Amino acid sequence: MAPRRHPPQHQASAVYNWPLLTPLLATDAAIAAWAGRNGPLAVFAYEFVRFGVKQAWACLFGAIMLALILLTAFFYPADAALPRYDVLTLAALAVQIALIASRMETLDEAKVILIYHMVGTVMEIFKTAKGSWIYPEAAYLRIAGVPLFTGFMYACVGSYIARAWRLFDFRFTAHPPLWATCTLAAAIYINFFAHHYTADIRLALFAATALLFGRCWIYFKIHRHYRCMPLILGFFLVALFIWFAENLGTFTRTWVYPSQSVQWNMVAPAKLGSWFLLMIISYVLVTLINRPEPVRIEAAGSQRALPDAEG
């Protein structure tokens, strides 16, 4: 992931989208200046930590949801009047309201969460009806056996992408057009339902994803310089972390696959493929709000655009 020079149009820090963090800008600038004075190793250490902090901030909603799942699994009384699933639903809703009210979540991010909540809930209702997985505990706030907090779990993925987009100032080269990515996302979503009745075309969907995104590189800014990697690699890495989180979710028996009905075992690695395809849907939903833009660099004193991102 090679560094790239900063574009000529400097943008304000993404921290300005979250006012509670703006007091940290002066401290961050001082640490960056110290690292610059102390050589490449100090700069690397600073950027490594800064990358981790940005990733943690992008994961805010997902981390809160995972923490709620773990805390209620181990500490919430099993005989409480209000079922655990309903506590998760009400807590997720309260967190969502608090984040918007405190401006720690932007309205654009809230839109993504709302859309993804609906998309995820519809799929949950269908999949549980087919026995793909179950929610073994009782709940009042549920639709057709699906607790309402599950929509928030899907929304965590969209929230992460939207927040990371702003924090890392994403730019792209050779990004496929919006009509093509929307068509692929629609085909993936339909296949999640249709494969119960017809042939599973996920291999063709993997091939279509490679064809569309194979040449696309994502550029992300940790501090002053852009670094880049293949966008498909980014999809896979996020899918991998979702798989890790899913193992925690099933370990707490918040949801259970048929193979885990007697005792817990790790979620099959094959599920990574499903999460990878789900990542495409999540990403495309975010691009409806944040349109991909091409990366621009300075070359010989003039501005030059790398191959356009089309959105």
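Values in this document were obtained by computation on a predicted structure and should not be read as measured data.

Chemist: So what's going on with the environment of Ser 274? Which residues, and what values?
Modeler: Mapped onto the secondary structure, Ser 274 falls in helix α10 (residues 271-287). With 82 residues separating them along the chain, Ser 274 and Phe 192 place their C-alpha atoms 8.7 Å apart. Beyond its immediate chain neighbours, meaning those up to four positions away, Ser 274 contacts Phe 192 and Arg 202.

Chemist: Give a detailed account of the packing of aromatic side chains, specifying residues and quantitative values.
Modeler: Per the stated rule, a full pass over the model turns up 27 aromatic pairs. Each ring, one from Tyr 135 and one from Phe 149, has its centre 6.3 Å from the other, and the planes form 85°; the classification is edge-to-face. Here Tyr 135, found in the loop between α5 (107-129) and β2 (142-143), pairs with Phe 149, found in helix α6 (residues 149-168); they are 14 residues apart in sequence, far enough to count as distant. Residue classification places Tyr 135 among the buried residues on the basis of a relative accessible area of 10%.

Chemist: I'd like a description of unusual backbone geometry, backed by residues and values.
Modeler: One non-glycine residue, Ala 144, lies in positive phi territory at about 50°. Looking at Ala 144, the relative accessible area reads 60%, which means it is exposed. Phi at Asp 169 takes a positive value of approximately 50°, unusual for a residue other than glycine.

Chemist: Before we move on, can you summarise the environment of Lys 221 with the specific residues and values?
Modeler: By the element assignment, Lys 221 lies in strand β5 (residues 217-221). Judged by its relative accessible area of 10%, Lys 221 is buried. Sequence separation between Lys 221 and Phe 168 is 53 residues; the distance between their C-alpha atoms is 4.9 Å.

Chemist: Explain α6 residue by residue, including any values.
Modeler: For α6, which comprises 20 residues, the first-to-last C-alpha distance of 29 Å matches the rise-based estimate of 28 Å (1.5 Å per residue) to within 8%. Burial within α6 is extensive, with 18 of its 20 residues counted as buried. Asp 169, located one to two residues past α6, shows a positive phi value of around 50°.

Chemist: I'd love a proper account of the packing of helix α3 (residues 60-75) against α6, names of residues and values included.
Modeler: At a minimum axis separation of 7 Å, α3 and α6 run at an interaxial angle of 150°. On the basis of their axis angle, the class for α3 and α6 is roughly antiparallel. Facing α3, whose interface residues are Leu 60, Phe 61, Gly 62, Met 65 and Ile 69, α6 presents Phe 149, Phe 152, Met 153, Cys 156, Ser 159 and Arg 163. Grouping the constituent residues of the contact of α3 with α6 by class yields eight nonpolar, two polar and one charged.

Chemist: Got a sec to walk through the pattern of salt bridges? Specific residues and values, please.
Modeler: This model, assessed by the stated rule, comprises six salt bridges. A salt bridge links Arg 171 to Glu 293; its shortest N-O distance comes to 3.6 Å. Of this pair, Arg 171 sits in strand β4 (residues 171-173) while Glu 293 sits in the loop between α10 and β7 (296-299), and the two are 122 residues apart along the sequence. Residue class for Arg 171 comes out buried when judged on its relative accessible area of 12%. In the salt-bridge network here, residues are joined through shared partners; they are Asp 169, Arg 171, Lys 221 and Glu 293.

Chemist: So what about the side chain of Thr 128? Which residues, and what values?
Modeler: Within the secondary structure, Thr 128 is located in helix α5. Apart from the residues lying within four places of it in its own chain, the contact partners of Thr 128 are Trp 133, Tyr 135, Ala 144 and Val 146.

Definitions and cut-offs
Residues numbered from 1 in each chain as written. Predicted model: local features only at pLDDT ≥ 70, side-chain atom pairs only at ≥ 80, totals over all residues. Heavy atoms only, no water. Helix = DSSP H or I, 4+ residues; strand = E, 2+ residues; numbered from the N terminus. Contact = heavy atoms within 4.5 Å. Phe/Tyr/Trp six-rings, centres within 6.5 Å; stacked < 30°, edge-to-face > 60°. Buried < 20%, exposed > 50% of the residue type's maximum accessible area, 1.4 Å probe, protein only. Expected span 1.5 Å × (residues − 1). Axes fitted to C-alpha atoms, helices over the stretch in contact; angles between N-to-C directions. Parallel < 35°, antiparallel > 145°, perpendicular 65-115°, else oblique. Nonpolar A, V, L, I, M, F, W, Y, C, P; charged D, E, K, R; others polar. Salt bridge = Lys/Arg side-chain N within 4 Å of Asp/Glu carboxyl O.

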